[in-house]
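# Coordinate analysis (summary)
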Amino acid sequence: MGNGTVRDRAAGEHRTTGDTGVASAEEAGAGLGSQIVRFTRLVAARRHQTKLEQGAGERVLLARLVRDGEQRATDLAAETFLDLSTVSRQVRSMVERGLIERRPDPEDRRGTLLHATESGRAVYEKYRRQRDAQLAELLDPWPPEDRYQLIRLMTRLNDDLVVHQQKRHSDGTQPEAGAQQGASKHE
């Protein structure tokens, strides 16, 4: 994509972002499906690159603890779709560095709750500012209206996906962690 143009490579069409076309639900499903697959691949490539960087795992865990509050390592693993052994290693490292602390679970003294320290919150904020700056640089050439609509529509899509996941879960066809993962409005 470039200069505010959306390209449908299969059809060879080019539309400017100011175009106000219409699409049936089926056409929208097909077009969105293709773009989600493309977006997912781009995100996966970025995640692979990020995994090679120091601290990639802790960003996800710190974000959950800062945004959602204290929780058990098992819940943290389920919500982040990470293996418990991976979470345990990251937690141990972050405790040693003073980014998170453990405390007994008041409801079950055998369990431990994790929470972000002030230092951990500062590290999380640093990561968040870096991410936001990268996205701001990417979106800088976009018209302000397009940036606003992107946020509005992504929020709407995410909200609808959460509702859909929760409905599937209540039907017993989907694990709860998937709905919880997407339920956060701000990463």
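Residues numbered from 1 in each chain as written. Predicted model: local features only at pLDDT ≥ 70, side-chain atom pairs only at ≥ 80, totals over all residues. Heavy atoms only, no water.

Looking only at helices and strands, one finds seven helices and four strands in the protein. Of all 187 residues assigned to the protein, the portion counted as buried reaches 21%. Within the protein, counting contacts between residues at least 6 apart in sequence, those at least 24 apart form 45% of the total. Total accessible area on the protein stands at roughly 13400 Å², and carbon and sulfur atoms take up 54% of it. (Helix = DSSP H or I, 4+ residues; strand = E, 2+ residues; numbered from the N terminus. Buried < 20%, exposed > 50% of the residue type's maximum accessible area, 1.4 Å probe, protein only. Contact = heavy atoms within 4.5 Å. Areas by Shrake-Rupley, 256 points an atom, 1.4 Å probe, with all protein chains shown as cover.)

Taken as a whole and judged by the stated rule, the model has nine salt bridges. Here R110 and D108 are joined by a salt bridge, their closest N and O atoms 3.1 Å apart. In this structure R110 comes out as exposed when scored by relative accessible area, which is 77%. Residue class for D108 comes out partly exposed when judged on its relative accessible area of 24%. Residue R131 pairs with D132 through a salt bridge whose shortest N-O separation is 2.7 Å. (Salt bridge = Lys/Arg side-chain N within 4 Å of Asp/Glu carboxyl O.)

Let us look at the pairing of strand β4 (residues 108-116). As paired elements, strand β3 (residues 100-105) and β4 share six bridges and run antiparallel to each other. Within β4, the position partnered with I100 by the bridge is A116. Adjacent in sequence and paired antiparallel, β3 and β4 are bridged by two residues. (Pairing = 2+ DSSP bridges.)

Here the focus is the nonpolar core. The biggest cluster of nonpolar side chains holds 16 residues, and the ones touching the most others in it are L62, L65, L76, V87, M94, I100 and L114. Secondary-structure elements contributing two or more residues to this core are α2 (56-68), α3 (73-80), α4 (84-96), β4 and α5 (118-139). In terms of residue count, the dominant contributor to this core is α2 (five residues). Not counting residues up to four positions away in its chain, the partners in contact with L76 are L61, R64, L65, Q71, V87 and L114. (Core = buried A, V, L, I, M, F, W, Y, C linked by side-chain atoms within 4.5 Å.)

Turning our eyes to something else, we now look at α4. If you check α4, its first and last C-alpha atoms are 18 Å apart, about what 13 residues at 1.5 Å a residue would give, namely 18 Å. Listed as buried for α4 are V87, V91 and M94. Down the axis, α4 shows its buried residues gathered within 70° of arc, on one side only. Immediately downstream of α4, the backbone of G98 shows phi near 80°, a positive value. (Expected span 1.5 Å × (residues − 1). Arc of directions from axis to C-beta.)

All right, on to the layout of surface pockets then. Approximately 180 Å³ is the volume attributed to the second largest pocket. Elements with a minimum of two residues in the lining of the second largest pocket: α3, α4 and β4. Considering every element that reaches the lining of the second largest pocket, the biggest residue donor is α4, with five residues. Here the lining of the second largest pocket is built from residues that sort into five nonpolar, three polar and three charged. (1 Å grid on protein atoms, 1.4 Å probe; cavity = no way out; pocket = protein on both sides within 12 Å on 5 of 7 lines; lining within 4 Å. Points joined across faces, edges and corners; volume = space filled by probe spheres on them. Nonpolar A, V, L, I, M, F, W, Y, C, P; charged D, E, K, R; others polar.)

Scored by pLDDT, the protein has a mean of 82; 77% of the residues are at 70 or more. Confidence drops under pLDDT 50 across residues 1-14; counting only partners more than four residues distant or on other chains, this segment forms 17 contacts. (pLDDT = per-residue confidence, 0-100.)

Locating R103 in the fold gives a position in strand β3. As for R103 and L113, which are separated by ten residues in sequence, their C-alpha atoms are 5.3 Å apart. The residues contacting R103, other than those within four sequence positions of it, are E70, G111, T112 and L113.

Let's shift gears to the side chain of E58. By the element assignment, E58 lies in helix α2. E58 gets classed as buried once you look at its relative accessible area, which sits at 5%. In this structure the side chain of E58 is engaged in a polar contact, spanning 2.2 Å, whose partner is the side chain of R97. Those residues in contact with E58 that sit more than four places away from it in its chain are Q90, M94, R97, L99, V123 and Y127. (Polar contact = N/O pair within 3.5 Å; in protein donor to acceptor, adjacent residues only side chain to side chain.)

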